[in-house]
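Residues per chain are reported as follows:
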Amino acid sequence: DVKVTQSSRYLVKRTGEKVFLECVQDMDHENMFWYRQDPGLGLRLIYFSYDVKMKEKGDIPEGYSVSREKKERFSLILESASTNQTSMYLCASSPHEGGKETQYFGPGTRLLVL
Amino acid sequence: GESVGLHLPTLSVQEGDNSIINCAYSNSASDYFIWYKQESGKGPQFIIDIRSNMDKRQGQRVTVLLNKTVKHLSLQIAATQPGDSAVYFCAENRGAAGNKLTFGGGTRVLVKP
């Protein structure tokens with residue numbers, strides 16, 4: 001079974017703090033994704049990565065950055081957390097086999113920024 | 001604008017009945033669709049997918065129907081059980097590189113005993 005793990009289930013941070021969210025997958029997938037999920041808005045793509053050291057902006061990259069130094073790990077960084085970044089953050093991965101493969105999700109990190 | 005959307009935000013179903021969840025999409029270039037189930041406090045879980053060269057696909061108690069003419073996708077759950085209570089999302093791949101998916105807003109299914 002594919003396993004995607006996220007470093008924290010719950011986080012509470014203060015405005016202005018730098019926040020790191022870590023995601024690890026164990027299936028040697030090329031593609032990895034970070035989403036945020038808010039009530040009524042569904043899942044919105046923040047950043048994704050095709051391969052190590054590769055990154056692409058998603059639909060809402062502002063206020064975020066990412067890092068992919070190793071294939072299995074994809075980190076989401078909030079350089080200076082703000083209250084409007086309070087959300088559920090979901091990481092996903094997928095293989096790169098013709099580009100039509102299912103994404104597998106981690107359990108999510110619920111972030112509260114005070 | 002182009003989007004993936006759901007008609008019904010909440011669906012109440014009697015245990016044992018069949019459930020139908022609908023999804024509309026507007027991008028005719030979309031060629032791959034997925035249904036996910038998300039239980040409270042968990043990440044989305046893959047249920048079933050369908051490619052645009054098909055109009056129906058069946059899994060265990062679930063069936064996905066794709067009508068490309070009207071750009072409509074549906075998920076049918078047979079003999080709905082309490083464990084089916086969750087939020088269901090449809091997602092489409094618009095043929096974009098890197099397997100990017102666009103998700104609908106979700107429908108909550110509540111199963112009444």
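Up top is the structure.
Everything quoted here is computed from the prediction, not taken from an experiment.

(A) Representation of the overall build of chain A within the structure. Scanning chain A from N- to C-terminus turns up zero helices and 11 strands. Across chain A, helices and strands are ordered from the amino to the carboxyl terminus as β-β-β-β-β-β-β-β-β-β-β. Its C-alpha radius of gyration of 13 Å places chain A within 12% of the 13 Å reference for a compact globule of 114 residues. Along the first, second and third principal axes, the C-alpha atoms of chain A reach 40 × 30 × 25 Å. Per element, the accessible surface of chain A, about 5,500 Å² overall, is 49% carbon and sulfur.

(B) Examining the pattern of salt bridges more closely. Residues and elements named next belong to chain A. Evaluated as defined, the whole model comprises 10 salt bridges over all chains. With a shortest N-O distance of 2.4 Å, Lys53 and Glu69 are connected by a salt bridge. Here Glu69 lies in strand 7 (residues 65–70) and Lys53 lies in the loop between strand 5 (42–49) and strand 6 (56–57), a separation of 16 residues in the sequence. We note that Lys53, like Glu69, is exposed. Connected through salt bridges with shared partners, the residues Asp28, Glu30 and Lys71 form a single ionic network.

Criteria and cut-off values
- Residue numbering note: each chain is counted from 1, following its sequence as written.
- Ligands are numbered from 1 and chains lettered from A, in the order in which they are written.
- Residues qualify for local features only when their pLDDT is at least 70, as the model is predicted, and side-chain atom pairs are given and counted only at 80 or more; totals for whole chains, interfaces and linings, by contrast, use all residues.
- Based on all heavy atoms of the structure, the side-chain values leave hydrogens and waters out of the count.
- Here a helix means four or more residues in a row that DSSP labels H or I, a strand means two or more in a row labelled E, and each is numbered from the N terminus.
- Both definitions apply: the radius of gyration is a C-alpha atom measure, and the globule rule equals 2.2 Å times residues to the power 0.38.
- Using a 1.4 Å probe, accessible areas were evaluated by the Shrake-Rupley method; residue-level cover was limited to the displayed protein chains.
- The rule for a salt bridge is simple: a side-chain nitrogen of Lys or Arg has to be within 4 Å of a carboxyl oxygen of Asp or Glu.
- Here the term buried applies to any residue with accessible area under 20% of the maximum for its type, exposed to any over 50%, and partly exposed to those in between, with areas from a 1.4 Å probe on protein chains only.

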